[in-house]
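Residue-level structural notes
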Amino acid sequence: MTFTTQILTLYPEMFPGPLGQSLAGRALAEGIWSCEPIQIRDFATDKHRSVDDTPAGGGAGMVMRADVLAAAVDHAIARQPQAPILAMTPRGAPLTQTRVRQLAQGPGVTILCGRFEGIDERLFEARPIEPVSIGDYILSGGETAAIVLIDACIRLLPGVMGAASSGDEESFEAGLLEYPHYTRPQMWEGRAIPEVLRSGDHAKIAAWRKQRAEDDTRLRRPDLWERYVSARDQSPSGAQRKKKREDES
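One structure accompanies this document, and this report is about it. The model shown is predicted, which means the values in this text are computed figures rather than measured ones. (Residues numbered from 1 in each chain as written. Predicted model: local features only at pLDDT ≥ 70, side-chain atom pairs only at ≥ 80, totals over all residues. Heavy atoms only, no water.)

Digging into the nonpolar core
Counting 30 residues, the largest nonpolar core has Trp 33, Ile 111, Leu 149 and Ile 154 as the members making the most contacts within it. Looking at this core, the elements with two or more residues in it are strand S1 (3–9), helix H1 (22–29), strand S2 (33–39), strand S5 (85–94), helix H3 (97–104), strand S6 (108–113) and helix H5 (142–154). By residue number, the principal contributor to this core is H5, which donates 8 residues. Not counting residues within four places of it along the chain, the set of residues in contact with Trp 33 comprises Thr 2, Phe 3, Thr 5, Leu 19, Ala 24, Ala 27, Leu 28, Ile 150, Ile 154 and Leu 157. (Core = buried A, V, L, I, M, F, W, Y, C linked by side-chain atoms within 4.5 Å. Buried < 20%, exposed > 50% of the residue type's maximum accessible area, 1.4 Å probe, protein only. Helix = DSSP H or I, 4+ residues; strand = E, 2+ residues; numbered from the N terminus. Contact = heavy atoms within 4.5 Å.)

With respect to the pattern of salt bridges
Evaluated as defined, the whole model comprises 14 salt bridges. Linking Glu 130 and Arg 99 is a salt bridge whose minimum nitrogen-to-oxygen distance equals 2.8 Å. Of this pair, Glu 130 sits in strand S7 (residues 129–133) while Arg 99 sits in helix H3, and the two are 31 residues apart along the sequence. (Salt bridge = Lys/Arg side-chain N within 4 Å of Asp/Glu carboxyl O.)

Details of the sheet that holds S5
Spatial ordering of the open sheet is given by S2-S1-S6-S5-S7, a layout of 5 strands whose pairing is parallel. Bordering the open sheet on either side are S2 and S7, each of which pairs with just one other strand. Averaged over neighbouring strand pairs, the angle between their axes works out to 35° when direction is ignored. (Pairing = 2+ DSSP bridges. Axes fitted to C-alpha atoms, helices over the stretch in contact; angles between N-to-C directions.)

A short note on the packing of aromatic side chains
Enumeration over the complete set of coordinates arrives at 2 aromatic pairs. With a centroid separation of 6.4 Å and an interplanar angle of 55°, the aromatic rings of Tyr 182 and Trp 208 are classed as tilted. On the criterion of sequence distance, the pair formed by Tyr 182 in the loop between H5 and strand S8 (187–188) and Trp 208 in helix H6 (residues 202–220) is long-range, its members being 26 residues apart. Classification of Tyr 182 as partly exposed rests on a relative accessible area of 40%. A centroid spacing of 5.5 Å and a plane angle of 35° characterise the contact between Trp 225 and Tyr 228, whose relative ring orientation is tilted. Highlighted residues: Trp 225 and Tyr 228, both in helix H7 (residues 222–234), separated by 3 residues, approximately one helical turn. Accessibility expressed as a relative area gives 17% for Trp 225, which makes it buried. Taking relative accessible area as the criterion, Tyr 228 reaches 14% and is therefore assigned buried. (Phe/Tyr/Trp six-rings, centres within 6.5 Å; stacked < 30°, edge-to-face > 60°.)

Written out as structure tokens, the structure reads:
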């Protein structure tokens, strides 16, 4: 079954964009997923095809109109009723690998790309739309964020990555950043590949990789590390470790 992506946007020419290249591009050509941009202006009702207006209460910029967006969203729902609808906005919940995996297991996704100062809040009250953010920074519009979300989903679809296990040990899959990677040449600018990776001892290699993943996560992403430790200590084996530490203290 094709993973259908509908993108509600003022700039449909931005798609597939980079998604037409590499793994995503091959998967698109093979029909594993489809890219279906929808021009929001097509649902405007005035002669100027207006999609925005001045913010209530005053202020700079313009706000995307709820009535126009609702018509576009309803059109997308009619075409793909089972697909979740996500709006790319800095006011949304952070996108996580867990959410990406959930989306990739479904029939597809409909993405609303915000522009200007934002979207009339009444749209979120009236339609089943999930606000999503890809990070704590501001983009010119939601299109770039939509490309990020779609790419994250596509690579998890069956048949896209070469090996089914390719994504199993990547960053965030186990709550940690991924361990560092090395390849030939063995020596480069006086820096050698770690000896353990050349040992052929798979148990030692696995232990080294786990330790490096934990060390790097603790140093670079203390927020992830805190969640990882909390989840580990709440598991049955983690609870035993925690009790042991308490008994030893």
